[in-house]
Amino acid sequence: KEISALTSSLNTLRTLTERHFGSPANSLTEELERLIPKKYDTRKRAVVCALVGLDGDNPLTLEEVAACQHPPMTRERIRQIALPFYEKLTSQRNQLAWLNKALAWLDSASPCTEAEAEWTLLNIGIVTSPLRVATLLKLAARIGIEHAITVHMGLVLNQEIVPTLEKVVSAAHKMSSHWGFADWDELKAPLGKYAALFRQLVPGATWIGSSDRYFVFLEAENSLANRLARILQIAPELSLQQAYTAAFRDPRVDAARLPEELFPAFCAAWPWCAVDNGLIRANGVLPSAGNSHEDMIVTIGRKFGRLVTRQEDLWQARAVGIR
């Protein structure tokens, strides 16, 4: 009897609470949709969804939402439409249980890719329609919910790791520029548990062949690629062995840092270099890498079309400014 009476009291309390506050939302999607004024027509609801990101896309700015309206709306009109939503969002800040639950899950799940996080939020029922992580973070920022989550380079991360990631990327660029390639084994230590995940997402990285260790940045300065381009300017086709020997004769690069078996894959990574049957050849227009004095002397010698004396070679070299 006591249990029955207690159950009855709880049910009565739940009924009264729901009448006053409304029934609890069943997901973050429902929780946010309730903040949109019920009187809004389809167009106004679409404006709020696009601005906040409730349509599954990244949140847009007032200007971006205004620009895609037909007929057009002003930035101020978009702001006015969204204002009731934001006012309710702020006033109900302490009642947004699902938003806080989503933020807590993201914090526990990091590091992970943004796509993985969004798929899992949907799969475990925190949201019932696709919602970007960027939307959650924008809403949290709007109402001042503190958290340590950020999205960086396609990853959902704890903010504390971001400076380390940026230092690793900077070091990778310097290594690639100086040696011609970056070595992940020399870079990954500071990343700890993030290393395996971040290796796949280094921005701008092209991994050499099937290697999971060496990579280059094709759009950045690269000493070994410059050396290879100069070699192909002088000899448009030569064996890989000759190219390897010539490329690593330059003191700025070190053959011990890149296994010889990966050199063909390094060459093939550049669109202006073709590799075929043990040969490499210039493929289209070579980049302007600038000639070293050594390259220019070889070019001068080729122009004679015959054996030349040392004195002839020196005279020609001085004529073009080589001392």
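Structural data are supplied above this passage.
Computed from a predicted structure; not experimentally measured. (Residues numbered from 1 in each chain as written. Predicted model: local features only at pLDDT ≥ 70, side-chain atom pairs only at ≥ 80, totals over all residues. Heavy atoms only, no water.)

**Topic: the sheet that holds strand 5 (residues 205-207)**
The strands that make up a sheet pair up through hydrogen bonds in the backbone, lying either parallel or antiparallel. The strand order across the open sheet built from three strands is 4-6-5, with neighbouring strands paired in antiparallel fashion. In this open sheet, the two edge strands, each paired with only one partner strand, are strand 4 (182-183) and strand 5. Where strand 4 lies against strand 6 (residues 214-217), two bridges are found, and the strand directions are antiparallel. Across the sheet, residue Asp183 finds its bridge partner in strand 6, namely Tyr214. Where helix 9 (residues 162-179) meets the sheet, it contacts strand 4 and strand 6, and its direction lies at approximately 90° from that of strand 6. (Pairing = 2+ DSSP bridges. Helix = DSSP H or I, 4+ residues; strand = E, 2+ residues; numbered from the N terminus. Contact = heavy atoms within 4.5 Å. Axes fitted to C-alpha atoms, helices over the stretch in contact; angles between N-to-C directions.)

**With respect to the layout of surface pockets**
In this structure, the second largest pocket occupies an estimated 240 Å³ of space. Taken together, 13 residues line the second largest pocket, and the ones lying closest to its centre are Leu218, Ala220, Trp270, Trp272 and Pro287. Class assignment for the residues of the lining of the second largest pocket results in eight nonpolar, three polar and two charged. (1 Å grid on protein atoms, 1.4 Å probe; cavity = no way out; pocket = protein on both sides within 12 Å on 5 of 7 lines; lining within 4 Å. Points joined across faces, edges and corners; volume = space filled by probe spheres on them. Nonpolar A, V, L, I, M, F, W, Y, C, P; charged D, E, K, R; others polar.)

**A few points about the pairing of strand 3 (residues 155-158)**
Relative to strand 3, strand 1 (residues 112-113) runs antiparallel, the two sharing two bridges. Bridge assignment links Cys112 to a residue of strand 3, and that residue is Val156. Pairing analysis gives four bridges linking strand 2 (residues 149-152) to strand 3, with the strands arranged antiparallel. Along strand 3, the bridge assignment pairs Thr150 with Leu157. Where strand 2 folds back on strand 3, the antiparallel hairpin that results is connected by two residues, among which Met153 adopts a positive phi of roughly 55°.

Any functional reading would require information beyond the geometric quantities listed.
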